[in-house]
Amino acid sequence: NYLPFEDYMILQEYCENNFIDLVPNQNGCGHMAAWLELPKYKELAECEDGFFIWGAHRPTSTLDVTNPKSAELVKKMYDDMLPYFNSKYFNMNFDEPFEIGHGKSKEMVEQYGEAAVFIKYFKELSYYVKTKYKKIPMLWGDVLLKHPDAISDLPKDVVFIDWGYNHRYDFESHAKLLFEKQVDFM
């Protein structure tokens, strides 16, 4: 399912007329299963044959962040959408890249650590978003909350988004950590 361009333009106009910031989002790391199942993108998968999580084998869903062609694909996706969005923000998502370090990036993750490999890839794409489209990048925080010392390695002009699946999620301690690290967050 997708929103036809004409409908999008109507939606954006409605939002602007009603003081709503329509923030675009496009994942460029995890949640890429729909693209990675296509033969022309399969080589960009971290684990081409899928992965095992939560008691079951799942189709591949994470880009190989060590492959320059992954960043090229994501930049193309950004080029296809960002010229049409007026928001100063862009949610790059980057959540739930479950396979990082379990496939093609395993050696690099073992050498430098998951957070360093993740941040290097994020920095490349966030720099692209900032310089070409003058947008403020946003990212979901699940990966970096597992590596709190690495949060300081994020670019300073990024908005960190914390989220959780249940009512017991510890937003309060995460907010304190992010505040102490001087990271913009929501």
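The structure under discussion appears in the preceding block.
From a predicted model like this one, the values you see are computed outputs, not experimental measurements.

Q: Kindly report on the sheet that holds strand β5 (residues 159-161), identifying the contributing residues and their values.
A: Spatial strand order, β3-β4-β5-β6: four strands in an open sheet with parallel pairing. Both edges of this open sheet fall to β3 (89-91) and β6 (184-185), since each of them pairs with a single strand only. Two strands pair when backbone bridges link them, and β5 and β6 are joined in this way by two bridges, in the parallel orientation. Its bridge partner being in β6, V159 is matched across the sheet by D184.

Q: Provide a residue-level description of the environment of H31, including the pertinent values.
A: Summarising the element assignment, H31 is placed in the loop between α1 (5-17) and α2 (33-36). Between the C-alpha atom of H31 and that of M77, which follows or precedes it by 46 residues, the distance is 14 Å. Side chain to side chain, H31 and E96 meet in a polar contact 2.8 Å long.

Q: Lay out the nonpolar core in plain terms, naming residues and giving numbers.
A: Judged by nonpolar contacts, the single largest core of 43 residues is most densely connected at Y78, F94, F118, Y121 and L144. Top element by residues in this core is helix α5 (residues 114-133). It accounts for 10 residues. Setting aside residues no more than four positions away along its own chain, Y121 makes contact with G28, C29, L63, V65, S70, A71, V74 and F94.

Q: Please set out the state of the cysteines residue by residue, giving values where relevant.
A: Tallied over the entire structure, the rule returns zero disulfides. The structure places no disulfide on C47, whose sulfur is separated from the nearest cysteine sulfur, that of C29, by 12 Å.

Q: Would you mind going over α1 in detail, with residue names and values included?
A: Taking 1.5 Å of rise per residue, 13 residues should cover 18 Å, and α1 covers 18 Å from first to last C-alpha, within 8% of that figure. Among the residues of α1, those classed as buried are Y8, Q12 and C15. What you see down the axis of α1 is that its buried residues fit within an arc of 60°, all on one side. Summarising the geometry of α1, the exposed residues directed more than 90 degrees from the buried face are E6, I10 and N17. Downstream of α1 by a residue or two, F19 has a phi angle that is positive, lying close to 60°.

Q: Describe the pattern of salt bridges, and please don't skip the residues or the numbers.
A: What the rule picks out here adds up to seven salt bridges. Salt-bridge contacts for K69 lead to E43; the nearest nitrogen and oxygen are separated by 3.9 Å. Residue K69 is located in helix α3 (residues 68-81), and its partner E43 is located in the loop between α2 and β1 (51-53); the two are separated by 26 residues in the primary sequence. Accessibility expressed as a relative area gives 44% for K69, which makes it partly exposed. Here K132 makes a salt bridge to D79, at a shortest N to O gap of 3.3 Å. Highlighted residues: K132 in helix α5 and D79 in helix α3, separated in sequence by 53 residues. Look at K132 and you get partly exposed, because its relative accessible area is 46%.

Calculation rules
Residues numbered from 1 in each chain as written. Predicted model: local features only at pLDDT ≥ 70, side-chain atom pairs only at ≥ 80, totals over all residues. Heavy atoms only, no water. Pairing = 2+ DSSP bridges. Helix = DSSP H or I, 4+ residues; strand = E, 2+ residues; numbered from the N terminus. Polar contact = N/O pair within 3.5 Å; in protein donor to acceptor, adjacent residues only side chain to side chain. Core = buried A, V, L, I, M, F, W, Y, C linked by side-chain atoms within 4.5 Å. Buried < 20%, exposed > 50% of the residue type's maximum accessible area, 1.4 Å probe, protein only. Contact = heavy atoms within 4.5 Å. Disulfide = S-S within 2.5 Å. Expected span 1.5 Å × (residues − 1). Arc of directions from axis to C-beta. Salt bridge = Lys/Arg side-chain N within 4 Å of Asp/Glu carboxyl O.

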